[in-house]
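So you can see what is in the structure, the chains are spelled out below.
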Amino acid sequence: MSLDAKRLSGERRAAWLSVIANLFLTVGKIAVGLRAASEALFADGLHNAADLFASAVVLGVIGYANKPADDDHPYGHGKAEVVTSGVVGLLLFIVAGFIVVEAGQTLLEGVGHPPDPAAAWVAAASFALKWALFRYSLHVARRLRSKAIEAIAYDHQTDIAASLAALFGVLFAVAGGQFGVPGLAYADPIGGLIVAAFIVRIAWRMMVEAVHILMERSVDPQAIDIYRSIIARFPDVKRIDRIRAREHGHYILLDVRLSVPSHFTVQEGHDLGRKIKAALMAADDRIREVLIHLNPYSPDG
């Protein structure tokens, strides 16, 4: 199996696991949240419904993002993952807004009776499941350098905090009913608002990262320094005039301008360029393409 095939298989496995888990959690949280009269758990269920949609979108796009370059997309299709990450972030913003409106109305109109303790058990189970999914997805995203799976991982991270907020909100509200402290019933809708705050935080980070990549922000300066040191090992390279590198989804495109002896033939320049490209790609498997432009070297600049 080729490297790209293994990568695609790993991404699909992580995405399918997320789809199945979010389907289970969405149905469970919304059903129990309505039955147990828990604003926080119901809000968390809506969040999982958004996650379900996002995971399904990611599952549909990863195959396209891994397609090789073609005439219409000569640099490949990697940015499809970045677009997906931005769409997921936007969707999470919308979900957060809906939760704020619902929880705000409950706080203004007053809370009736405290939620059923079953809501707390569901929130606790959700916390444990989402923690496991977050660690697994983040491991897969880093191993495969997948922006799409990374978006899913951060989404699971939001769910961890959201489930914890929902759990504490439900527990305080239930305790208020058990011990005759009516004011604690407001902990449940407040838990819903905390869930919304966590969602907004992660959504903002996802969208900002997507915009940076779509605007072709340069890669990390440390990576540029590594590329520069690799090129400097070739004695025929008299000067590194410019290095530019940008992320294109899960891979990197590199542009290099180098000065070489002016007496070099076209064949010698071509052979040197191939060696430099091979060395760079061997050092960093994120590099998909290296464009090398050779300038005649002049000691005077």
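Small disclaimer: the values here were computed from a predicted structure and weren't measured.

(A) Quick look at the overall build of the protein chain. Broken down by element type, the protein chain carries eight helices and three strands. Starting at the N terminus and walking to the C terminus, you meet the elements of the protein chain as α-α-α-α-α-α-α-β-β-α-β. Counted over contacts in the protein chain with a minimum sequence separation of 6, partners at least 24 positions apart contribute 74%. Total accessible area on the protein chain stands at roughly 15,100 Å², and carbon and sulfur atoms take up 64% of it.

(B) Quick peek at empty space enclosed by the protein. Evaluated as defined, the whole model comprises one cavity of 30 Å³ or more. Counted as a void, the largest cavity has a volume near 50 Å³. Around the largest cavity, the lining residues are Glu 39, Phe 42, Ala 43, Leu 46, Phe 98, Ile 99, Glu 102, Ala 103 and Gly 192. Within the residue set of the lining of the largest cavity, elements represented by two or more residues are α2 (39–65) and α3 (79–109).

(C) Summary view of the nonpolar core. Counting residues in each nonpolar core, the largest one holds 22 residues, and the members touching the most others are Tyr 227, Ile 231, Val 237, Leu 254, Ile 276 and Leu 280. Those elements giving two or more residues to this core turn out to be α7 (221–232), β1 (239–247), β2 (252–260), α8 (266–283) and β3 (287–296). Judged by nonpolar contacts, the second largest core, of 18 residues, contains Ala 50, Val 95, Ala 166 and Ala 203.

(D) View of the sheet that holds β2. The three strands lie next to each other as β1-β2-β3, forming an open sheet whose pairing is mixed. Edge strands, defined here as strands with exactly one partner in the open sheet, are β1 and β3. The mean inter-strand angle of the sheet, taken between neighbouring strand axes irrespective of direction, is 15°. Judged from the eight bridges that link them, β1 and β2 form a sheet pairing that is antiparallel. Across the sheet, Arg 244 pairs through a bridge with Asp 255, a residue of β2. Packing of α7 onto the sheet brings it into contact with β1, β2 and β3, and relative to β1 it is tilted by some 140°. Contacts between α8 and the sheet are confined to β2 and β3, with β3 contributing the most and set at about 145° to the helix.

(E) Seen up close, helix α4 (residues 118–144). With 27 residues, α4 extends 39 Å from end C-alpha to end C-alpha; this agrees with the ideal 39 Å at 1.5 Å per step. Here α4 has its buried residues at Ala 119, Ala 120, Ala 123, Ser 126, Lys 130, Leu 133, Phe 134, Ser 137, Leu 138, Val 140, Ala 141 and Leu 144. Immediately downstream of α4, the backbone of Arg 145 shows phi near 50°, a positive value.

How each quantity is defined
- Residues numbered from 1 in each chain as written.
- Predicted model: local features only at pLDDT ≥ 70, side-chain atom pairs only at ≥ 80, totals over all residues.
- Heavy atoms only, no water.
- Helix = DSSP H or I, 4+ residues; strand = E, 2+ residues; numbered from the N terminus.
- Contact = heavy atoms within 4.5 Å.
- Areas by Shrake-Rupley, 256 points an atom, 1.4 Å probe, with all protein chains shown as cover.
- 1 Å grid on protein atoms, 1.4 Å probe; cavity = no way out; pocket = protein on both sides within 12 Å on 5 of 7 lines; lining within 4 Å.
- Points joined across faces, edges and corners; volume = space filled by probe spheres on them.
- Core = buried A, V, L, I, M, F, W, Y, C linked by side-chain atoms within 4.5 Å.
- Buried < 20%, exposed > 50% of the residue type's maximum accessible area, 1.4 Å probe, protein only.
- Pairing = 2+ DSSP bridges.
- Axes fitted to C-alpha atoms, helices over the stretch in contact; angles between N-to-C directions.
- Expected span 1.5 Å × (residues − 1).

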